[in-house]
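Take a look at the letters that make up each chain.
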Amino acid sequence: MSKGVFNMSENENKVCPVSCKIEHHAMMFAFLAKHAIELCGEAGKDAILAGMTTYGNERGARMAANALAHGDELTTMTNQAYGEWKPDFGTLRTEPTLQTYLSKCAWCEAWKKHNITEYGKYYCVNVDNAVYRGFRSDFVCTPTATSMSWGGDRCEFDWGHPLSQEEVKELAEKKAELGTSCMKDFNFHTAHLKYTVSQALIHNLGEKGEAAVKLALTDYVDTFGQEYLDVFARNDDSLDLD
């Protein structure tokens, strides 16, 4: 594991007193974005987007490692199979390139509920492409419609490669074989986002980045309670910084 990469592998399966959901994940990001941008303007926005690119790359790299550990090649099909949570994507087409869509988004619903879409929407700028490129660096995921968080009717993506009819069948079989074995809960995902994006803010913004993180965590605790932050502390000893 390279320096600074988030790793909860030793403790992620322990029984936790609370269970984060997508709402916690969405709001952790939104609070970090809000305070980075309020304190630092465009520099804060750039730091948030840099953090999200790193976060997505790390997710994609974990997916690739799982695929390779199972003896699978890194293809668009296996990228779709080794996701770390169950997606709500629909399929527009499989050839000449795979195109998918999302018409309902729990992240958007959380930001709307808490009146913070103005900042939450930056999550959507590059996360899907970052995950895809983390999985395989020559892959590119291209949005083909305005995302819902930015005012669009639905999110649409072109994955740059086809899925043949044989691969469509293989994908269904691979998903059935894997089940939830490569998926992670939102205690993990929220802790990962908190760690990686916070590190990016501090690295790029210095003292103002530290202040943004502190303010964001205060808002998070005020919204959900201290226990939803403390649940991450049990995993601090498994942050692999070597």
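Given the structure is predicted, the values throughout are model-derived calculations rather than measurements. (Residues numbered from 1 in each chain as written. Predicted model: local features only at pLDDT ≥ 70, side-chain atom pairs only at ≥ 80, totals over all residues. Heavy atoms only, no water.)

Asker: Residue-level account of the environment of Ala 216, with values.
Answerer: By the secondary structure assignment, Ala 216 is in helix α9 (residues 207–224). Residue Ala 216 is classed as buried on the basis of its relative accessible area, which comes to 0%. Between the C-alpha atom of Ala 216 and that of Met 27, which follows or precedes it by 189 residues, the distance is 9.3 Å. In this structure, Ala 216 is in contact with Phe 31, Leu 32 and His 35, ignoring residues within four places of it in sequence. (Helix = DSSP H or I, 4+ residues; strand = E, 2+ residues; numbered from the N terminus. Buried < 20%, exposed > 50% of the residue type's maximum accessible area, 1.4 Å probe, protein only. Contact = heavy atoms within 4.5 Å.)

Asker: Provide a residue-level description of helix α4 (residues 106–113), including the pertinent values.
Answerer: Buried within α4 are the following residues: Trp 107, Cys 108, Ala 110 and Trp 111. The arc enclosing the buried residues of α4, seen along the axis, measures out at 160°, which places them on a common side. Exposed residues pointing more than 90 degrees away from the buried face of α4 are listed as Lys 112 and Lys 113. For α4, the secondary structure elements touched by its buried residues are α1 (22–40), α5 (117–120) and α8 (186–205). Immediately beyond the C-terminal end of α4, within one or two residues, lies Asn 115, with a positive phi of roughly 55°. (Arc of directions from axis to C-beta.)

Asker: Before we move on, could you go through the side chain of Asp 158 and cite the residues and values that matter?
Answerer: Within the fold, Asp 158 resides in strand β4 (residues 155–158). Separated by 2.8 Å, the side chains of Asp 158 and Thr 97 make a polar contact. Side-chain polar atoms of Asp 158 contact the side chain of Gln 99, separated by 2.8 Å. Ignoring anything within four residues of it in the chain, the contact list for Asp 158 reads Arg 93, Thr 97, Leu 98, Gln 99, Val 140, Cys 141, Thr 142 and Thr 144. (Polar contact = N/O pair within 3.5 Å; in protein donor to acceptor, adjacent residues only side chain to side chain.)

Asker: So what's going on with the packing of aromatic side chains? Which residues, and what values?
Answerer: Tallied over the entire structure, the rule returns 15 aromatic pairs. Pairing Phe 89 with Trp 159 gives two aromatic rings, centres 6.3 Å apart and planes at 85°, and the pair type is edge-to-face. Of the two residues, Phe 89 sits in the loop between α3 (76–81) and β1 (90–93) while Trp 159 sits in the loop between β4 and α7 (165–178), which places them 70 residues apart along the sequence. A relative accessible area of 31% means that Phe 89 is categorised as partly exposed. Three or more aromatic residues link up through ring pairs in this structure, and these residues are Phe 29, Trp 85, Trp 107, Trp 111, Tyr 123 and Phe 186. Sitting above the plane of the Trp 150 ring, Lys 121 keeps its charged end 4.0 Å from the centroid. The cationic tip of Lys 184 hangs over the ring face of Phe 188; the distance from NZ or CZ to the ring centre is 4.7 Å. (Phe/Tyr/Trp six-rings, centres within 6.5 Å; stacked < 30°, edge-to-face > 60°. Lys NZ or Arg CZ within 6 Å of the ring centre and 35° of its normal.)

Asker: Account for unusual backbone geometry, with residues named and values stated.
Answerer: Of the consecutive residues Glu 95 and Pro 96, the connecting peptide bond is found in the cis state with omega at 5°. With respect to the helices, strands and loops of the structure, Pro 96 is situated in the loop between β1 and β2 (99–102). Located in the positive-phi region is Asn 115, a residue other than glycine, with phi close to 55°. In this structure, Asn 115 sits in the loop between α4 and α5.

Asker: Got a sec to walk through the pattern of salt bridges? Specific residues and values, please.
Answerer: On inspection of all chains with the given rule, the structure shows nine salt bridges. Across the salt bridge formed by Glu 42 and Lys 45, the nearest N and O atoms sit 3.1 Å from each other. Highlighted residues: Glu 42 and Lys 45, both in helix α2 (residues 42–69), separated by three residues, approximately one helical turn. Overall, Glu 42 belongs to the exposed group, its relative accessible area being 52%. Put simply, Asp 72, Lys 174 and Glu 177 are held in one network by salt bridges that share partners. (Salt bridge = Lys/Arg side-chain N within 4 Å of Asp/Glu carboxyl O.)

Asker: Give a description of the sheet that holds strand β3 (residues 142–143) that names residues and reports values.
Answerer: Adjacent strands of a sheet pair through backbone hydrogen bonds, lying either parallel or antiparallel. Read across the open sheet, the four strands follow the order β1-β2-β4-β3; overall the sheet is antiparallel. Each end of this open sheet is capped by a strand with a single partner; those strands are β1 and β3. In this structure, β3 lies alongside β4, joined through two bridges in antiparallel fashion. Residue Pro 143 lies in a different strand from β4, and its bridge partner there is Phe 157. (Pairing = 2+ DSSP bridges.)

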